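What follows is the residue order along each chain.
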Amino acid sequence: EGVAALRDILIRPIELHVRVKTEVWHDLKEIQLRTDDQVELLEEMSDTRRMSISGAAGTGKTVLAMEKAASLIENNPAARVLLLCFNEPLGVSFGKTFADNPRITATNFHRFCRNVALKAGVEDENLLRPEGAAEELITNFGNSGLAEYDAVIIDEGQDFQDPWLESLEVVLTGGSKGVYYVFYDNNQKVTPKHASYIDRLSEAKRNLSKNFRNTQTIHRASLNYYQGRPVRAIGPFGKEIVLHCTGSPAQIRTLLSEQLGLLVKQEGLEPHQIAVLFENSNFLQEVIAERDKIISIPIKPAGEREHGNFVVDTIRRFKGLEAPIVILLLNNPGSEIEEFLYVGI
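Quick caveat, the model's predicted, so the values are computed rather than measured.

Rules of the game
- Residues numbered from 1 in each chain as written.
- Predicted model: local features only at pLDDT ≥ 70, side-chain atom pairs only at ≥ 80, totals over all residues.
- Heavy atoms only, no water.
- 1 Å grid on protein atoms, 1.4 Å probe; cavity = no way out; pocket = protein on both sides within 12 Å on 5 of 7 lines; lining within 4 Å.
- Points joined across faces, edges and corners; volume = space filled by probe spheres on them.
- Helix = DSSP H or I, 4+ residues; strand = E, 2+ residues; numbered from the N terminus.
- Nonpolar A, V, L, I, M, F, W, Y, C, P; charged D, E, K, R; others polar.
- Pairing = 2+ DSSP bridges.
- Axes fitted to C-alpha atoms, helices over the stretch in contact; angles between N-to-C directions.
- Contact = heavy atoms within 4.5 Å.
- Salt bridge = Lys/Arg side-chain N within 4 Å of Asp/Glu carboxyl O.
- Buried < 20%, exposed > 50% of the residue type's maximum accessible area, 1.4 Å probe, protein only.
- Phe/Tyr/Trp six-rings, centres within 6.5 Å; stacked < 30°, edge-to-face > 60°.
- Lys NZ or Arg CZ within 6 Å of the ring centre and 35° of its normal.

**Things to note about empty space enclosed by the protein**
Stage number 1. Within this structure, the stated rule accounts for two cavities of 30 Å³ or more.
Stage number 2. Estimated volume of the largest cavity: approximately 40 Å³.
Stage number 3. Lining the largest cavity we find Arg253, Leu256, Ser257, Val287, Ile288, Arg291 and Ile294.
Stage number 4. Among the elements that make up the lining of the largest cavity, the one with the highest residue count is helix α11 (residues 249-266) (three residues).
Stage number 5. In the lining of the largest cavity, the residues fall into four nonpolar, one polar and two charged.
Stage number 6. The calculated volume of the second largest cavity comes to roughly 30 Å³.
Stage number 7. Together, Ala56, Ala57, Asn211, His219, Ser222, Leu223, Tyr226, Val231 and Tyr342 line the second largest cavity.
Stage number 8. Residue composition of the lining of the second largest cavity, grouped by class: six nonpolar, three polar and no charged.

**Comments concerning the sheet that holds strand β1 (residues 50-55)**
Stage number 1. Pairing is parallel in the open sheet, where six strands are placed in the order β3-β2-β4-β5-β1-β6. The open sheet is flanked by β3 (104-108) and β6 (204-208), the only strands paired with a single partner. Here the strands of the sheet are splayed against their neighbours by 15° on average, with no regard to which way each runs.
Stage number 2. Pairing between strand β2 (residues 81-85) and β3: five bridges, direction parallel. Along β3, the bridge assignment pairs leucine 83 with alanine 106.
Stage number 3. Sitting on the sheet, helix α6 (residues 109-119) is in contact with β2 and β3, with an inclination near 115° to β3.

**Quick look at the pattern of salt bridges**
Stage number 1. Summed over the entire model, instances satisfying the criterion amount to nine salt bridges.
Stage number 2. Among the salt bridges present, the one from aspartate 159 reaches lysine 319, with a minimum N-O distance of 3.0 Å. Pair noted here: aspartate 159 is in the loop between β4 (151-154) and α8 (162-167) and lysine 319 is in the loop between α13 (315-318) and β13 (325-329), with a separation of 160 residues, a long-range link.
Stage number 3. Aspartate 159 sits in the buried class, given a relative accessible area of 17%.

**Some thoughts on the packing of aromatic side chains**
Stage number 1. Taken as a whole and judged by the stated rule, the model has eight aromatic pairs.
Stage number 2. Judged by centre distance (6.0 Å) and plane angle (75°), the ring pair of phenylalanine 160 and tryptophan 164 falls under edge-to-face. The same class applies to phenylalanine 160 as to tryptophan 164, namely buried.
Stage number 3. Cluster of aromatic residues (ring-pair linked, three or more members): Phe86, Phe109, Phe160 and Trp164.
Stage number 4. Seen from the ring of tyrosine 149, arginine 80 lies directly overhead, with NZ or CZ sitting 4.3 Å from the centre.

Next comes the structure, spelled out in C-alpha cells:
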C-alpha cells in the first residue's frame, strides 16, 4: 500500500486539457499555409484562356476562383471580371470580399441576371424568374448599357445548367474567345448529368487532387459519400467527429444550447466561428422556432454572417461556405442524405 501511494504521488499521469480554440487556431494556420501553396497553381494556368478545374470538396476550388479573379485585375487593372456562383449566401460572401474593387462583379448567377434585367428596364416580375434566366440574360444584356467583361469565373459549376453557362458567352469580350474558367465538384453522387457544356468549354482541364481545406479526419469522413477521382488529404489531422443521438425538438434544443455554451464559454471559440446546419428548413423551424438567440447570442442565416453571432441555416444554403466548427443536425434522413452529408461534412 505504501509503494502504491508513493507511485501515485510521483508518477501519476497528468492530463492537460488543450482548449478547442487552441487546436482550431493551429489547424487553421496550417490550412492557410497549404492554401498559399495551392494558389501557386494559378501561375501555371495564367496563359490558358478557357479552362475547367474539377475537384472534390476541400480541394480549394472557391479559393482558387477568387484568387483567379483577383489576379486578372492585378495583371490588368483596366480589366472587368465577372465572378459567379450558384448559392446565394456564397454570392453574398463574394460580394463582401470584392466590395472595394469595382472592376470585379461578384455575386450569384440569378442575382446577376436579375440586376441585368433591371438595368434593361424590365419591370415584369414574370421576366425576372429563375426559370427563364438564360434566355432573358441574352435578351437583356444588350439593352442594359453594361460593358462586357474581359473574363467570367464560375464557382460551383456542377450546379449550373448548360443554358446558363452558354448564355454567359454574351457578356464576354470576344464571345467564345473570351477568358472563361469553370470550377466544379467532380463527385458523381452530386454532379448533375446535364453539364456537357463544361466538357466542351475547355482548352485545358485540371483536376485538383489534394484536400487541404479540411482536416484529415473530416476528409476521411466525407469519402464515405464521394465517388470520383482519388483525393489525398494533406491538411492537419484535426479533432475526431463527435456524434450525439437525441429525440424531440425540445431535447435537441437543450443539447444544442449545451454544446454551444461549452464551445464558447469553456473552449474559447468565437460565435462567428461556429455554423449550425440543419438537414432542411422544416427541421430548422421545429428546433429553432421563433428564437433569434441561443445562449443569449444572436443567430443569423448564412447570408448575414458576421462577428458576434452564430450562423444557423440549412446545409444546402451554406454550400460553398466553411466554418472552423460545424454542427450538423439530421432528422429522418431521406434520399438526399448522401449529398447532405457530403456537403455538410
